[in-house]
Amino acid sequence: MLDRLYEKFDNLSRDHDVFKIETIGDAYMAVTNLVCHQEDHALRIAKFARDTVNAASETLIDVDNPELGYVNIRVGFNSGPVVSNVVGNRNPKFTIIGDTVNCAARMESNSLPLKIHCSEASALILKEKHPEVPLDPRGSIPIKGKGEMETFWVYNYYDGGFVRRGGRRRGSINSLTSSVENGSNSFK
């Protein structure tokens, strides 16, 4: 299942010009605005997040046993500076580290299935540069290692755009981190 799902995510990362960092178990980490300058980095990662949620919800858990249903993922993202480097010498690996990455992982782990959760840093960028992206405050929640943080839900994709509750369509789209239940923008 993970191979089928990650193949879809890899194709989406190419479509959105999002740089895949790695998969860690059932987590998929990607980033924008790292390899090349992307003024629309927050929008890119939000669109990527939206499309990964949709791709997962169309991926059977077991093709031989469709009764098990479809994959549900949680998604989170954050915006801010990261440090990138190749680490190790036995099996060298390109990676990114820093508080931005840790916060993106916390957004994912505090998200809900089929939901996109973002930090206030990302929400502020989206509100300023891409106001067509519907955001709803989740409120202040306790985040491990960070304390209380204001966080936001990014509405998912419907009929070509983002939607709020009740299925109303709203404009086009905007940054991500995802895990199967997944500056720079870090998506996990």
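So, a few notes on the structure that sits alongside this text. (Residues numbered from 1 in each chain as written. Predicted model: local features only at pLDDT ≥ 70, side-chain atom pairs only at ≥ 80, totals over all residues. Heavy atoms only, no water.)

## Things to note about a nonpolar patch on the surface
Taken together, F19, V35, V86 and F94 make up a surface patch of nonpolar side chains, about 340 Å² in accessible area. With respect to the helices and strands, the residue F94 is situated in strand β5 (residues 93–97). (Patch = residues over 30% accessible without salt bridge, like charges linked within 9 Å, V, L, I, M, F, W, Y side chains within 5 Å. Areas by Shrake-Rupley, 256 points an atom, 1.4 Å probe, with all protein chains shown as cover. Salt bridge = Lys/Arg side-chain N within 4 Å of Asp/Glu carboxyl O. Helix = DSSP H or I, 4+ residues; strand = E, 2+ residues; numbered from the N terminus.)

## Brief notes about the pairing of strand β3 (residues 73–80)
Burial within β3 is extensive, with eight of its eight residues counted as buried. Residues I73, V75, F77 and S79 line one face of β3 and the alternating positions R74, G76, N78 and G80 line the opposite face, and both faces are buried. Bridging between β3 and strand β6 (residues 116–119) involves three bridges; their strand directions are parallel. In the sheet register, V75 faces β6, and the bridge partner there is I116. (Buried < 20%, exposed > 50% of the residue type's maximum accessible area, 1.4 Å probe, protein only. Pairing = 2+ DSSP bridges.)

## Re the pairing of strand β7 (residues 135–143)
Relative to strand β8 (residues 147–154), β7 runs antiparallel, the two sharing eight bridges. Across the sheet, S140 pairs through a bridge with E150, a residue of β8. Here β7 folds back onto β8 in antiparallel fashion, the turn holding three residues, of which G145 has a positive phi close to 80°.

## Observations concerning the packing of aromatic side chains
Within the structure shown, the criterion is met by five aromatic pairs. With a centroid separation of 5.2 Å and 85° between ring planes, the pair formed by F9 and Y28 is classed as edge-to-face. Of this pair, F9 sits in helix α1 (residues 2–15) while Y28 is found in strand β2 (residues 27–32), placing the two residues 19 residues apart along the sequence. Accessibility classification places F9 together with Y28 in one group, the buried group. When the ring centre of W153 is taken as reference, the NZ or CZ atom of K115 above it lies at 4.5 Å. (Phe/Tyr/Trp six-rings, centres within 6.5 Å; stacked < 30°, edge-to-face > 60°. Lys NZ or Arg CZ within 6 Å of the ring centre and 35° of its normal.)

## Digging into the state of the cysteines
Going through the model one piece at a time under the given rule, you end up with zero disulfides. Here C103 is not cross-linked by a disulfide; its sulfur's nearest cysteine counterpart is in C118, at 9.8 Å. Overall, the relative accessible area of 3% leaves C103 in the buried class. Since its relative accessible area comes to 0%, C118 is described here as buried. (Disulfide = S-S within 2.5 Å.)

## Here's the deal with the side chain of S13
Among the secondary structure elements, S13 is positioned in helix α1. Judged by relative accessible area, S13 falls into the buried class, the value being 6%. Each residue touching S13, except ones within four places of it in the same chain, is listed here: V18, Y28 and F48. (Contact = heavy atoms within 4.5 Å.)

## Looking at the nonpolar core
If you look at the biggest cluster of nonpolar residues, it comprises 28 residues, and the most contacted ones within it are I73, F77 and L135. Of all the secondary structure elements, the ones that give two or more residues to this core are α1, β2, α2 (41–57), β3, β6, α4 (120–129) and β8. Among the elements that line this core, the one with the most residues is α2, at nine residues. (Core = buried A, V, L, I, M, F, W, Y, C linked by side-chain atoms within 4.5 Å.)

## Considerations on the packing of α1 against α2
Where α1 contacts α2, the axes come no closer than 10 Å and their chain directions differ by 150°. In terms of orientation, α1 and α2 fall into the roughly antiparallel class. Two packed elements cross with a definite hand, and for α1 against α2 that hand is right-handed. Packed against α1, whose contacting residues are L5, K8, F9, L12 and S13, the element α2 presents F48, D51, T52, A55 and A56 at the interface. Taken together, the residues that form the contact of α1 with α2 break down as six nonpolar, two polar and two charged. (Axes fitted to C-alpha atoms, helices over the stretch in contact; angles between N-to-C directions. Parallel < 35°, antiparallel > 145°, perpendicular 65-115°, else oblique. Left-handed = near helix turned anticlockwise from the far one by under 90°. Nonpolar A, V, L, I, M, F, W, Y, C, P; charged D, E, K, R; others polar.)

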